[in-house]
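# Architecture at a glance
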Amino acid sequence: MCPLFVRAGKTHWLPAAWDKAHIQNRWQPAESSVRTFKTKAFTRFADKAGISEAALCRAVRDAERGLIAADLGGRVIKQRIARARQGKSGGFRTLIVFRTGARAIFVHGFAKN
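About the criteria used
- Residues numbered from 1 in each chain as written.
- Predicted model: local features only at pLDDT ≥ 70, side-chain atom pairs only at ≥ 80, totals over all residues.
- Heavy atoms only, no water.
- Helix = DSSP H or I, 4+ residues; strand = E, 2+ residues; numbered from the N terminus.
- Buried < 20%, exposed > 50% of the residue type's maximum accessible area, 1.4 Å probe, protein only.
- Contact = heavy atoms within 4.5 Å.
- Areas by Shrake-Rupley, 256 points an atom, 1.4 Å probe, with all protein chains shown as cover.
- Pairing = 2+ DSSP bridges.
- Salt bridge = Lys/Arg side-chain N within 4 Å of Asp/Glu carboxyl O.

### Examining the overall build of the protein
Tallying secondary structure elements over the protein gives three helices and seven strands in all. When burial is assessed residue by residue, the protein has 31% of its 113 residues classed as buried. Pairs at least 24 residues apart make up 46% of the contacts formed inside the protein by residues separated by at least 6 positions. Total accessible area on the protein stands at roughly 7,200 Å², and carbon and sulfur atoms take up 51% of it.

Shown next, in the form of structure tokens:
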């Protein structure tokens, strides 16, 4: 699970009833400390293509470990995301604004085929 996704300016990762003290005492971030975001346009693409948030989290974890499909410069990377039951080669490509240890922002996605 990614620590945070932002959609259309609203956070969707905690129940509204949780207070700051509860978060500090009980919430532990997942394996990653990278905050992960999606733009509104990318969210529409991912929903239409059926890309799960777990798949996006795997792409961010791979990038943290240095497994990057292409470094496009200016902290923009291209990651491959597997299509269900087909693998990465025929899957999706995503452009991510990525800063190691800080944040990942999914800005664009497209299908390979």
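### Quick notes on the pairing of strand β6 (residues 87-99)
With seven bridges connecting them, strand β5 (residues 76-83) and β6 associate as antiparallel partners. Counterpart to R83 in the pairing with β6 is G87. Counted between consecutive antiparallel strands, the loop separating β5 from β6 contains three residues, among which R85 sits at a positive phi close to 60°. Here β6 folds back onto strand β7 (residues 103-111), and the loop between the two strands holds three residues, one of which, G101, carries a positive phi near 80°.

### Some details on the environment of A49
Tracing the chain through its elements places A49 in helix α2 (residues 40-49). The partly exposed category is assigned to A49, whose relative accessible area is 29%. Expressed as a C-alpha distance, the spacing of A49 and G109, which sit 60 residues apart in the sequence, is 9.6 Å.

### Observations concerning the pairing of strand β4 (residues 70-73)
Inspection of the sheet shows β4 paired to β5 by three bridges, in the antiparallel sense. Within β5, the residue paired with G73 across the bridge is V76.

### Some details on the pattern of salt bridges
One side chain can pair with another of opposite charge once the charged atoms of both are near each other. Inspection of the entire model under this criterion finds three salt bridges. The partner of K38 in a salt bridge is E53, with the nearest N and O atoms 3.4 Å apart. In this pair, K38 sits in strand β3 (residues 35-38) while E53 sits in helix α3 (residues 53-64), placing the two residues 15 residues apart along the sequence. Residue E53 is classed as partly exposed on the basis of its relative accessible area of 33%. A salt bridge links D62 to K88; its shortest N-O distance comes to 3.5 Å. Here the residue D62 occupies a position in helix α3, and K88 occupies one in strand β6, the gap between them amounting to 26 residues. Connected via shared salt-bridge partners are D62, R65 and K88.

Everything listed here is a matter of geometry and, on its own, says nothing about what the molecule does.
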